[in-house]
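Each chain, written out:
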Amino acid sequence: MKPVPDLTLYGTTACHLCEAATHELAPLAGNGLHPREQDITESDALMERYQLRIPVLRREDTGAELDWPFDLSTAMLFLADVLGEES
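Please read all numbers here as calculations on a predicted model, not as lab measurements. (Residues numbered from 1 in each chain as written. Predicted model: local features only at pLDDT ≥ 70, side-chain atom pairs only at ≥ 80, totals over all residues. Heavy atoms only, no water.)

A. Layout of the environment of Ser43. Considering the arrangement of structural elements, one finds Ser43 in the loop between β2 (36-39) and α2 (44-50). The class for Ser43 is partly exposed, based on a relative accessible area of 22%. A distance of 3.2 Å separates the side chain of Ser43 from the backbone nitrogen of Ala45, its partner in a polar contact. (Helix = DSSP H or I, 4+ residues; strand = E, 2+ residues; numbered from the N terminus. Buried < 20%, exposed > 50% of the residue type's maximum accessible area, 1.4 Å probe, protein only. Polar contact = N/O pair within 3.5 Å; in protein donor to acceptor, adjacent residues only side chain to side chain.)

B. Looking closely at the pattern of salt bridges. Evaluated as defined, the whole model comprises seven salt bridges. Across the pair Arg53 and Glu65 runs a salt bridge, and its minimum N-O distance is 2.7 Å. With Arg53 in the loop between α2 and β3 (56-59) and Glu65 in strand β4 (residues 65-67), the pair connects residues that are twelve residues apart, well separated along the chain. For Arg53, a relative accessible area of 25% corresponds to the partly exposed category. Close ionic contact of Asp67 with Arg53 constitutes a salt bridge, the shortest N to O distance being 2.8 Å. One end of the pair, Asp67, is in strand β4; the other, Arg53, is in the loop between α2 and β3, and 14 residues separate them in sequence. (Salt bridge = Lys/Arg side-chain N within 4 Å of Asp/Glu carboxyl O.)

Written out as structure tokens, the structure reads:
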């Protein structure tokens, strides 16, 4: 398995979809993947970039972003290179 990348989950505290995304990603903790949650309301730039897209999972190593809706399977494909799940 490759080194675990830093992950950021962009959302807001009042977002039920963001809560659902956190729930979907929870099983990845067993692989050492713990997304840092970033509230986009703390920055005008983040609001402008993400307000219509949240929740968004971002890989800080590549800059790749996974927009909602996603489930655990989709997230695992997004992270396949570090999870060792390539086919």
